[in-house]
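What follows is each chain in one-letter form.
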Amino acid sequence: KYIDKKFMKNTAMSLGFVLFVTGILVIFLSFYHTILLLLAGVALFVIGFFGPIEEDLKKRKYRKKLEILPRIAGVILVINALVNGFLYSFMLLSFVFVDVNQFYLIGLFIVELVFCLFLFVTGVFALLRRRWGFAVLGSILGLFLLPVFYVPNIISFVGLVLIVFSRFVFKK
């Protein structure tokens, strides 16, 4: 009964469970993203289980400690979006100007640029500590960026963890 009560009220555990189930559901689409979603789900579930209880996070003394976390997450998400946006736009322009007839790559880089734009906007929301749900969604979409040495995905995961734990600092 305690685990059910903690599971339903703990955002990190609930989000970790959802990411784990999503990872299982997309197993046929992309093995890389499946592994990434499963690892993110398990990590958030473990962090939520062993981390502080949400009633403690609502208290004023913890709020002062948590106020910097959304700003850190927002900065790393914005930097992640800008760096990857420049990288993907350079790749897109190289395919367009070289006259390569690989339209699926051009479409893929356009989708990645849209992800980067959304990641940028949600990073700004995290900086301003507004719209917690959009900030979480943006960092989850950052997990789906193409792996360039796996750095953007790891950075988005760190931003996701910071945003999930600082939920009560966001303005409603």
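This text gives an overview of the structure that appears in the document. (Residues numbered from 1 in each chain as written. Predicted model: local features only at pLDDT ≥ 70, side-chain atom pairs only at ≥ 80, totals over all residues. Heavy atoms only, no water.)

**Observations regarding the overall build of the protein**
So the rule is basically this: For helices the rule is a DSSP run of H or I covering at least 4 residues; for strands it is a run of E covering at least 2, with both sets numbered from the N terminus onward. Burial status follows relative accessibility: with a 1.4 Å probe on protein chains alone, a residue under 20% of its type maximum counts as buried, one over 50% as exposed, and anything between as partly exposed. Residue contacts are defined here by distance: any two heavy atoms, one from each residue, within 4.5 Å place the two residues in contact. Note on areas: Shrake-Rupley, 1.4 Å probe, and residue coverage restricted to the protein chains presented here.
Secondary structure assignment for the protein yields 9 helices and 0 strands. A burial count over the protein gives 40% of its 172 residues as buried. For the protein, restricting intrachain contacts to residue pairs at least 6 apart in sequence, the fraction spanning at least 24 positions comes to 70%. A total accessible area of about 10200 Å² is found for the protein, and carbon and sulfur atoms account for 76% of it.

**Side note on the packing of aromatic side chains**
Heads up, the rule is: Two rings from Phe, Tyr or Trp (for Trp, the six-membered ring) form a pair when their centres are within 6.5 Å of each other. A pair whose planes differ by under 30 degrees is stacked, one over 60 is edge-to-face, and the rest are tilted. Charge over a ring is defined by NZ of Lys or CZ of Arg lying within 6 Å of the ring centre and within 35 degrees of the ring normal.
Using the criterion set out here, one finds 2 aromatic pairs in the structure. Aromatic side chains Phe125 and Phe134 sit 6.1 Å apart centroid to centroid with 25° between the ring planes, which places their arrangement in the stacked category. Residue Phe134 is classed as partly exposed on the basis of its relative accessible area, which comes to 36%. A cation sits over an aromatic face here: Arg167 above Trp132, 5.6 Å from the ring centre.

**Examining helix α3 (residues 31-50)**
For clarity, the threshold we go by: Helices are assigned an expected span. That span is 1.5 Å times one less than the residue count. What the arc describes is the spread of directions from the helix axis to the C-beta atoms.
Here α3 contains 20 residues, and its C-alpha end-to-end distance of 29 Å stays within 8% of the 28 Å for a straight helix at 1.5 Å per residue. Here α3 has its buried residues at His33, Thr34, Leu36, Leu37, Ala40, Gly41, Leu44 and Gly48. Along the axis of α3, the buried positions cluster into a sector of 165°, meaning they face one direction only. Among the exposed residues of α3, those oriented more than 90 degrees off its buried face are Phe31, Leu39 and Phe50.

**Observations regarding helix α7 (residues 103-128)**
Between its first and last C-alpha atoms α7 spans 38 Å; for 26 residues at 1.5 Å apiece the expected length is 38 Å, and the two agree. Buried residues of α7: Leu105, Ile106, Phe109, Glu112, Cys116, Leu119, Thr122, Gly123 and Ala126, and no others. Looking one or two residues beyond α7, the residue adopting positive phi is Arg129, at roughly 60°.

**A short note on the packing of helix α2 (residues 11-25) against α3**
To keep it simple, the criterion reads: Every axis corresponds to a line fitted to the C-alpha atoms, with the helix fit spanning only the stretch in contact, and the corresponding angles, defined between N-to-C directions, vary from 0 to 180 degrees. The scheme is simple: roughly parallel for angles under 35 degrees, roughly antiparallel for over 145, roughly perpendicular for 65 to 115, oblique for anything else. Working rule for handedness: look at the near helix, and if it is turned counterclockwise from the far one by less than a right angle, call the crossing left-handed; if clockwise, right-handed. The classification used treats Ala, Val, Leu, Ile, Met, Phe, Trp, Tyr, Cys and Pro as nonpolar, Asp, Glu, Lys and Arg as charged, and all other residues, Gly among them, as polar.
The interhelical angle for the contact between α2 and α3, taken along N-to-C directions, is 160°, at an axis separation of 7 Å. Classified by the interaxial angle, the pair formed by α2 and α3 is roughly antiparallel. Read as a crossing pair, α2 and α3 show a hand that is left-handed. The residues of α3 that touch α2, namely those facing Ala12, Met13, Leu15, Gly16, Phe17, Leu19, Phe20, Thr22, Gly23 and Ile24, are Thr34, Leu37, Leu38, Ala40, Gly41, Val42, Leu44, Phe45, Gly48 and Phe49. Per-class residue counts for the contact of α2 with α3 are 14 nonpolar, 6 polar and no charged.

Everything listed is a geometric property; what it means functionally is a separate question.
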